[in-house]
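Report on the structure
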Amino acid sequence: MNRSLNIIVTVLFIATSCTNNDNTSTNPSIQLIGLSKQSMLQGDLNQDSLLIQISFKDGDGDLGWGSSDSRKDIFVIDKRINLISDQFKIPDIPNSNGKPIEGELLVRLFTTCCLFPNNIPPCSAPPQYPFDTINYEIYIKDRAGNESNHIVTESVQLRCN
């Protein structure tokens, strides 16, 4: 079974803050804004997808490694199996010279397979299991290795047939 999720990340908006707020944490923080839809058709290719909109803040502006670096900084966990399903890069963010930044990320998650009990193969379509439910847990890390809070999406229904 193909366990990886294909994810495309797009920076929707980035604002560099010019304020010197001493209360701003150097640990990044994220918040779930919303999902584009509540259900997807299962699949092991890119048959369906949904968009997850996330806001972020970082007190010292050190998010993203840049396009020339291969290190990943966004992590997605499939809560059905509690394992990292994929990790990927934050797009290039302009240097904020250590000042706080905030903005939004738009993450496209491609569909995955339904999982079934009793050793029924994933991505099959057994009539007794027409649906599966999935939640995603997401967090980010900055260049200093500081981990953000973890957010969990609302349930997404996978249509198994």
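Here, the structure is the one placed above.
Just so it is clear, the model here is predicted, and its values are computed rather than measured. (Residues numbered from 1 in each chain as written. Predicted model: local features only at pLDDT ≥ 70, side-chain atom pairs only at ≥ 80, totals over all residues. Heavy atoms only, no water.)

**Some details on the sheet that holds strand β5 (residues 74-78)**
- Ordered in space as β6-β5-β9-β10, the 4 strands form an open sheet in which the pairing is antiparallel. Edge positions in the open sheet fall to β6 (83-88) and β10 (151-152), since each of these has one partner strand only.
- Note: strand β9 (residues 136-140) against β10, 2 bridges, orientation antiparallel. From the neighbouring strand, E137 faces β10, where its bridge partner is V152. (Pairing = 2+ DSSP bridges. Helix = DSSP H or I, 4+ residues; strand = E, 2+ residues; numbered from the N terminus.)

**Some words on the pairing of strand β11 (residues 156-159)**
- Burial along β11 is one-sided: V156 and L158 are buried, while Q157 and R159, pointing the other way, are not.
- Across 3 bridges, strand β3 (residues 39-41) lies against β11 in parallel orientation. Paired with M40 across the two strands is L158, which belongs to β11.
- Summarising the sheet, strand β8 (residues 131-134) and β11 pair through 4 bridges and their orientation is antiparallel. Along β11, the bridge assignment pairs F131 with R159. (Buried < 20%, exposed > 50% of the residue type's maximum accessible area, 1.4 Å probe, protein only.)

**Considerations on the packing of aromatic side chains**
- One pass over the structure, following the stated rule, counts 2 aromatic pairs.
- Both rings, one in F75 and one in Y139, keep their centres 4.9 Å apart while their planes meet at 15 degrees; by these two values the pair is stacked. In this pair, F75 sits in strand β5 while Y139 sits in strand β9, placing the two residues 64 residues apart along the sequence. Exposure class is identical for F75 and Y139. Each is buried.
- For the pair F116 and Y129, a centre-to-centre distance of 5.9 Å together with 40 degrees between the ring planes defines the contact as tilted. Of this pair, F116 sits in the loop between β7 (101-110) and β8 while Y129 is found in the loop between β7 and β8, placing the two residues 13 residues apart along the sequence.
- Look at F116 and you get buried, because its relative accessible area is 12%.
- With relative accessibility at 26%, the residue Y129 sits in the partly exposed group.
- In this structure, R71 is placed above the aromatic ring of W65, and the distance from its NZ or CZ to the ring centre is 3.5 Å.
- Looking at K141, its charged tip hangs above the ring of F75, at a distance of 5.7 Å from the centre. (Phe/Tyr/Trp six-rings, centres within 6.5 Å; stacked < 30°, edge-to-face > 60°. Lys NZ or Arg CZ within 6 Å of the ring centre and 35° of its normal.)

**Quick notes on the state of the cysteines**
- As enumerated under the stated definition, the model contains 2 disulfides in all.
- Between the sulfur of C113 and that of C123 lies a disulfide, 1.8 Å long from S to S. Looking down the S-S bond of the C113 and C123 bridge, the torsion is -85 degrees, so its handedness is left-handed. With C113 in the loop between β7 and β8 and C123 in the loop between β7 and β8, this pair connects stretches of sequence that are 10 residues apart.
- The class of C123 is partly exposed, set by a relative accessible area of 25%.
- The side chain of C114 participates in a disulfide bridge whose partner is C160; the two sulfur atoms lie 2.2 Å from each other. (Disulfide = S-S within 2.5 Å.)

Note that all results are geometric; they support no functional claim without further evidence.
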